[in-house]
Amino acid sequence: MVKINSNKYKNVILFFANKIQNGTLGKLKMMKLLYFLDFDFFEKYGKSVTRDEYLRFERGPIPRMANTMLEKMEGKDIKIHREKMPKGYNDKQRIQPLKPFDVNLFTREELLMMEEVAGKWEKFTGTEMKNASHGEAPWIATKPNEVIDYNLAYYRNKYSEMSNV
């Protein structure tokens, strides 16, 4: 596994927390934003932004290190605030930024992809994003609780066509 740049990873989270301010950004949605960012970027450039591994869990692809990063950012780093949501909400937390993200940590291509992913998914809930991820090849072709192969990104949106062969 490739070593993760935790400062860059935390700033990806800060980017999404600063960008999506409509009350829909909870933990589930953050996990899916990271997934779509990494797999979209891998599909286009052959590498991920966070360098994290994704596991196939029931609630969708989950980045291995994301929860640890969120906990660190709420702990001594104090970069985000996670607020518990009342019953009835799909996400049990809302993530709010306490600091801006550091634009200098990212390439132009990474920033463009982050903007694209945020714009595409901004109005969707975490549950809607989870359902979308369940229809993609990386989710479909991976056994429960196993690591998702990034190379499956090349078969997204084409997987159903392949199953007819």
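Attention here is on the structure that accompanies the text.

Parameters at a glance
- Position numbers for residues start from 1 in each chain and track the written sequence from start to end.
- In keeping with the predicted nature of the model, local features appear solely for residues at pLDDT of at least 70, side-chain atom pairs appear and are counted solely at 80 or more, and the whole-chain, interface and lining totals rest on all residues.
- To obtain the side-chain values, all non-hydrogen atoms of the structure were included, while hydrogens and water were left out.
- Only runs of H or I of at least four residues qualify as helices and only runs of E of at least two qualify as strands under DSSP, and these elements are numbered from the N terminus.
- Between buried and exposed lies partly exposed: a residue is buried under 20% and exposed over 50% of the maximum accessible area for its type, with that area taken using a 1.4 Å probe on protein chains only.
- Contact criterion: two residues are considered in contact whenever any of their non-hydrogen atoms come within 4.5 Å of each other.
- Note on areas: Shrake-Rupley, 1.4 Å probe, and residue coverage restricted to the protein chains presented here.
- Salt bridge criterion: a side-chain nitrogen from Lys or Arg within 4 Å of a carboxyl oxygen from Asp or Glu.
- In this scheme, strands are said to pair when DSSP sees at least two bridges between them.
- We define a polar contact as two N or O atoms separated by no more than 3.5 Å, with the added condition that, inside protein, one atom must be a possible hydrogen donor and the other a possible acceptor, whereas residues neighbouring each other in sequence contribute only through side-chain atom pairs.
- Each pair of aromatic rings taken from Phe, Tyr and Trp, with Trp reduced to its six-membered ring, is defined by centres within 6.5 Å and is described as stacked if the planes are under 30 degrees apart, edge-to-face if over 60, and tilted in the remaining cases.
- As used here, the term nonpolar core means buried Ala, Val, Leu, Ile, Met, Phe, Trp, Tyr and Cys residues forming a set that is joined through side-chain atoms within 4.5 Å.

**Overview of the overall build of the protein chain**
Here is step 1 of the chain: Counting secondary structure elements, the protein chain contains seven helices and four strands.
Here is step 2 of the chain: N-terminal to C-terminal, the α/β element order of the protein chain is α-α-β-β-α-β-β-α-α-α-α.
Here is step 3 of the chain: When the 165 residues of the protein chain are sorted by exposure, 44% land in the buried category.
Here is step 4 of the chain: Residue pairs at least 24 apart in sequence account for 66% of intrachain contacts in the protein chain once pairs closer than 6 positions are excluded.
Here is step 5 of the chain: Here the protein chain displays about 8,900 Å² of accessible surface, and carbon together with sulfur accounts for 49% of that area.

**Quick word on the pattern of salt bridges**
Here is step 1 of the chain: As enumerated under the stated definition, the model contains six salt bridges in all.
Here is step 2 of the chain: One salt bridge in this structure joins Arg156 and Glu136, with 3.2 Å as the shortest N-O distance. With Arg156 in the loop between α6 (137–140) and α7 (159–163) and Glu136 in the loop between α5 (126–133) and α6, this residue pair connects regions lying 20 residues apart in the sequence. Residues Arg156 and Glu136 agree in their burial class; the two are buried.
Here is step 3 of the chain: Taken together, the shared-partner salt bridges connect Asp40, Glu43, Glu136 and Arg156 into one network.

**A word on the environment of Ala132**
Here is step 1 of the chain: Mapped onto the elements of the fold, Ala132 is located in helix α5.
Here is step 2 of the chain: Separated by 72 residues in the primary sequence, Ala132 and Gly60 place their C-alpha atoms 9.1 Å from one another.

**A word on the pairing of strand β1 (residues 54–57)**
Here is step 1 of the chain: With four bridges joining them, β1 and strand β2 (residues 60–63) adopt antiparallel strand pairing. Its bridge partner lying in β2, Phe57 is registered against Gly60.
Here is step 2 of the chain: Counted along the chain from β1 to the antiparallel partner β2, the turn is two residues long.

**Side note on the side chain of Asn11**
Here is step 1 of the chain: Mapped onto the secondary structure, Asn11 falls in helix α1 (residues 6–19).
Here is step 2 of the chain: Here Asn11 falls in the buried class, since its relative accessible area comes to 5%.
Here is step 3 of the chain: A polar contact of 2.8 Å, which involves the side chain of Asn11, links it to the backbone oxygen of Asn7.
Here is step 4 of the chain: Sequence-distant contacts of Asn11, that is, excluding residues within four places in its chain, are made with Pro100, Phe101, Asp102, Leu105 and Phe106.

**Concerning the packing of aromatic side chains**
Here is step 1 of the chain: Scanning all chains against the criterion turns up 14 aromatic pairs.
Here is step 2 of the chain: Through a chain of ring-to-ring contacts, the aromatic side chains of Tyr35, Phe36, Phe39, Phe42, Tyr54, Trp121, Phe124, Tyr150 and Tyr154 assemble into a single cluster.

**A look at the nonpolar core**
Here is step 1 of the chain: Within the largest apolar cluster, 39 residues are counted, with the highest numbers of intra-cluster contacts made by Phe16, Leu33, Leu34, Leu37 and Val117.
Here is step 2 of the chain: Among the elements of the structure, α1, α2 (27–45), α3 (66–74) and α4 (108–121) are those that each provide at least two residues to this core.
Here is step 3 of the chain: Top element by residues in this core is α2. It accounts for ten residues.

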